[in-house]
Amino acid sequence: MSKNYKRYTVTSALPYANGPVHIGHLAGVYIPADIYVRYLRSKGEDVKFICGSDEHGVPITIRAQKEGVTPQQVVDKYHEIIKNSFQEFNISFDIYSRTSSEIHAETAAGFFTNLHGKGIFEEKTTEQYYDEKANQFLADRYIVGTCPRCGNENAYGDQCESCGSSLNATDLINPKSMLSGEKPVLKETKHWYLPLDKYESWLREWIIDGHKDWKTNVYGQCKSWIDGGLQPRAVTRDLDWGVPVPLEEAKGKVLYVWFDAPIGYISATKDLTPDWEKYWKDEETKLVHFIGKDNIVFHCIIFPVMLKAHGDYVVPDNVPANEFLNLEGDKISTSRNWAVWLHEYLEDFPGKADVLRYVLAANAPETKDNDFTWKDFQARNNNELLAIFGNFINRAVVLTHKYYGGKVPAKTELQPADLVVLDELKAFPAKIGDLIERYRFREALSELMNLARLGNKYLAETEPWKLIKTDEDRVKTILNIALQIAASLTIVAEPFLPDTAKRLAQMLKIKPDTWAAAGGQDYLVADHQLGEAALLFEKIEDATVQAQVQKLLDTKKANQLANSTVAPAKENITFDDFSRMDIRVGTILEAEKVAKTKKLLKLKIDTGLDQRTIVSGIAEFFDPAQIIGQQVSVLVNLAPREIKGIESQGMILMAENADGSLAFVQPSSAVKNGSGIS
RNA sequence: GGCGGGGUAGCUCAGUUGGUUAGAGCACAGGAUUCAUAACCCUGAGGUCAGGGGUUCAACUCCCCUCCCCGCUACCA
């Protein structure tokens, strides 16, 4: 398992180019990956750090349509924003490519052709909605219609955004194409499937038996998927935005985005170097994917199966997926604008990329979901970066300037306390490096701070500012050692805080050196002239973080306002339309939870006409025992429908609150069962 | 409901194969200090390791049950 690798290919998840990047992405994926890569480079390893924008898929075409622009314009816009954000946070990709590029289309199509040639794919024909006027098949999101559950007339084919139900396009009442407005027809279409099920035994051997070293969340999730049984997965779609399927018979079809996206790692590497094959096809290359937990199945199951089926490629050695980062106690949400966007952070905190890098790395969701708060951000800047790291550097450099004109004094006689500190200093780089190699970035970072703490403690205990009056030789040794610690910090801090490391190196007037030089007791030679002391960090005031908190509170308020808006009235209907509905008052006689469901209650209702069974999705809000005997409104002439094997004969009328909670619609005083409602 | 992950100090989190007294940072209290951005340094207090049962000489750790949070997934007429 611990093979000796000659080189590394490190990828970080391709951000989807339909929006900017926020702190959750950074904390979960890009900062860990960047720390890992910078460390490897510092060790002198041969490493390529690969990323790029994921620019295909239906959501981008929808956004384009909404904004009245082309998909290419959408991805061009976000590709630039995302790319710039990464640059400003010093995420040191060797290449940041994109999947709308020519080289990617070639690579992805080539990959498909290769698998197709090997007879890997299964072909299946199914019925899908087709717009005859626009002459194309419709993605689920391209079909609107009336939600069969809540009656919202603008439900999408995959989901109703009004009631949150997930739907099949064929469930919609009065489906309409978003392209032409016409009613779509069902039409047969052929697609190519990757038979994941045929790779089950290989996956078991490779992951379940072979990669017990993976993080528990990753390993557990993979095991769950494999044990649950894998299904063939379509690799093609009827869509005009994507990589065209390279087959004569597949005109108008593109590669499904999940198939082409991971190949983006390969095409980006091609884009980077003609030597790309070495980084993908050589057994001595260690492939590592940094991703968030939502991406585990693609990087641990699907992409490896693709690589395995192809046969020439190596499969990942590790996939250190992180959990999610919350923001001030709530989930980060793009649609609710509950996020700290990277480009906005840099406007509010210019020059402070490292501060956010530090806070996010220190609080990265490595084993479970974590919370980012502005208060914590302030505390970590003021109490850790500034008070421990910055302060130590400042003390050492200021004292050296004060006593020795900024020239590194030579060590004199070493005392036991000095030797202890030098030993500890020497041990740090290996300790930090080991943690990084085991993907434990938080702990590695805390060891980095411990090195600065060692410096502070050493100064506090030796008190050179007192000794300068009595034992100047001793002071020379002390400051020399303190400066050696500072010098090593330039190296071991670099993966985490690249800007800071650079500024520190400038202050000490040293050239960046390799990891091997860190921990040395003579990294700074005697008489070396230091630069002027400068502050590495500045204090973040209460008012500053308060402003950020206020910004979020405003967002929350805006969201509440948006939620409280009442849905617009539906189209007028005739009295006749209304009178076709037979709504009666009934009494709940029995209520029990339907086994193996979360939302369903099986109710027995006395409708006055009869006693009938109705299945209703209200279990989340009502305790069965508490609702027996209550009167409710029942739509009695709704066609019966089987739900979870139970025939439901009618529907209970419910009022839905803004927060989604439900209430019965019931008479204000008891009336006879069977009384009509009109 | 099924599957996966999690529940450890006021807060954010460590705790590797079961092994003495369960750790760190922040916050808090006391002390020391003045080179340093009132920062650093030392000491202390603070825990029914979600709850219950079991295995064991020994359980935060392994097994069973229950509750809660997150994710994937099914159900919603």
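These figures come from a predicted structure and were not determined experimentally.

Some words on the overall build of chain A
Turning to step 1, where the next piece is worked out: When helices and strands are tallied, chain A shows 20 helices and 26 strands.
Turning to step 2, where the next piece is worked out: Dimensions of chain A, computed from the C-alpha atoms along their principal axes, are close to 105 × 65 × 50 Å.
Turning to step 3, where the next piece is worked out: Residues counted as buried form 51% of the 678 residues belonging to chain A.
Turning to step 4, where the next piece is worked out: Looking at chain A alone, contacts between residues at least 24 apart form 73% of all its contacts between residues at least 6 apart.
Turning to step 5, where the next piece is worked out: If the 79 positive side-chain charges of chain A are averaged to one point and the 93 negative ones to another, these points end up 2 Å apart.

Regarding the pairing of strand S13 (residues 285-290)
Turning to step 1, where the next piece is worked out: Counting buried positions over the six residues of S13 gives six, a clear majority of the element.
Turning to step 2, where the next piece is worked out: Burial along S13 is two-sided: Thr285, Leu287 and His289 facing one way and Lys286, Val288 and Phe290 facing the other are all buried.
Turning to step 3, where the next piece is worked out: Pairing of strand S1 (residues 7-12) with S13 involves six bridges; the strand directions are parallel. If you follow tyrosine 8 over to S13, its bridge partner there is lysine 286.

Details of the protein's contact with RNA strand B
Turning to step 1, where the next piece is worked out: As a structural note, the neighbourhood of RNA strand B is formed by 54 residues, with Ser224, Lys331, Thr367, Asn370 and Leu638 the closest of them.
Turning to step 2, where the next piece is worked out: Each atom of RNA strand B within 4 Å of the protein was assigned to sugar, phosphate or base; sugar and phosphate come to 76%.
Turning to step 3, where the next piece is worked out: In this structure, glutamate 384 approaches RNA strand B through a side-chain N or O atom, which is 2.8 Å from a sugar or linking oxygen.
Turning to step 4, where the next piece is worked out: Tallying contributions element by element places helix H12 (residues 374-404) first for the surface near RNA strand B, with 10 residues.
Turning to step 5, where the next piece is worked out: Among the residues forming the surface near RNA strand B, the class breakdown is 16 nonpolar, 17 polar and 21 charged.

A short note on the packing of helix H1 (residues 23-42) against helix H11 (residues 353-362)
Turning to step 1, where the next piece is worked out: Relative to each other, H1 and H11 sit at 95 degrees, their axes nearing to 9 Å. The orientation of H1 with respect to H11, classified from their angle, is roughly perpendicular. In this structure, H1 uses Ile23, Leu26, Ala27, Ile31, Asp34, Ile35 and Arg38 to contact H11, whose residues at the interface are Leu356, Arg357, Leu360 and Ala361.
Turning to step 2, where the next piece is worked out: For the contact of H1 with H11, the residue count by class is eight nonpolar, no polar and three charged.

Observations regarding the sheet that holds strand S2 (residues 46-53)
Turning to step 1, where the next piece is worked out: Taken in spatial order, the four strands line up as S3-S2-S1-S13 in an open sheet, and their pairing is parallel. The strands lining the two open edges of the sheet, one partner per strand, are strand S3 (95-98) and S13. Each strand of the sheet is rotated relative to its neighbour by a mean of 25 degrees, with strand direction disregarded.
Turning to step 2, where the next piece is worked out: Here S2 pairs with S3 via four bridges, running parallel. Across the sheet, residue serine 53 finds its bridge partner in S3, namely arginine 98.

Topic: the sheet that holds strand S5 (residues 136-137)
Turning to step 1, where the next piece is worked out: Read across the open sheet, the four strands follow the order S5-S4-S9-S10; overall the sheet is antiparallel. What marks the edges here is a single partner per strand, and that holds for S5 and strand S10 (233-234).
Turning to step 2, where the next piece is worked out: In the sheet, strand S9 (residues 185-194) pairs with S10 via two bridges, with the strands oriented antiparallel. For leucine 194, the partnering residue across the bridge sits in S10 and is arginine 233.

As for H12
Turning to step 1, where the next piece is worked out: Its maximal kink placed at leucine 386, H12 deviates by approximately 40 degrees.
Turning to step 2, where the next piece is worked out: Two residues or fewer past H12, glycine 405 is found with a positive phi of approximately 60 degrees.

Some points on the domain arrangement of chain A
Turning to step 1, where the next piece is worked out: Under the domain assignment, chain A is made up of domain 1 (7-113 + 256-322), domain 2 (117-234), domain 3 (346-517) and domain 4 (575-664).
Turning to step 2, where the next piece is worked out: Facing the 30 residues of domain 1 at the interface are 31 residues of domain 2.
Turning to step 3, where the next piece is worked out: Buried surface at the junction of domain 1 and domain 2, both sides included, amounts to about 2,600 Å², of which 70% is carbon and sulfur.
Turning to step 4, where the next piece is worked out: On the domain 1 side of the interface with domain 2, the three residues burying the most area are Gln65, Ile301 and Val305, jointly 20% of the side's total.
Turning to step 5, where the next piece is worked out: The interface formed by domain 1 and domain 2 holds zero salt bridges in total.
Turning to step 6, where the next piece is worked out: Here domain 1 and domain 2 share seven residue pairs in polar contact (both at pLDDT 80 or more) between them.
Turning to step 7, where the next piece is worked out: When contributions to the side of domain 1 that touches domain 2 are tallied by element, the ones reaching two or more residues are helix H2 (58-67), helix H4 (102-117), helix H7 (257-272) and helix H9 (296-310).
Turning to step 8, where the next piece is worked out: Looking at which element gives the most residues to the side of domain 1 that touches domain 2, the answer is H9, with 12 residues.
Turning to step 9, where the next piece is worked out: Partitioning the side of domain 1 that touches domain 2 into residue classes produces 21 nonpolar, six polar and three charged.

The rules behind these values
- Residues numbered from 1 in each chain as written.
- Chains lettered and ligands numbered in written order.
- Predicted model: local features only at pLDDT ≥ 70, side-chain atom pairs only at ≥ 80, totals over all residues.
- Heavy atoms only, no water.
- Helix = DSSP H or I, 4+ residues; strand = E, 2+ residues; numbered from the N terminus.
- Buried < 20%, exposed > 50% of the residue type's maximum accessible area, 1.4 Å probe, protein only.
- Contact = heavy atoms within 4.5 Å.
- Lys, Arg positive; Asp, Glu negative; His and termini not counted.
- Charge placed at Lys NZ, Arg CZ, Asp CG, Glu CD.
- Pairing = 2+ DSSP bridges.
- Near = heavy atom within 4 Å.
- Polar contact = N/O pair within 3.5 Å; in protein donor to acceptor, adjacent residues only side chain to side chain.
- Nonpolar A, V, L, I, M, F, W, Y, C, P; charged D, E, K, R; others polar.
- Axes fitted to C-alpha atoms, helices over the stretch in contact; angles between N-to-C directions.
- Parallel < 35°, antiparallel > 145°, perpendicular 65-115°, else oblique.
- Bend = angle between axes of the 7 residues up to and from the residue.
- Domains from an automatic or database assignment.
- Buried area = accessible area lost by both parts, 1.4 Å probe.
- Salt bridge = Lys/Arg side-chain N within 4 Å of Asp/Glu carboxyl O.

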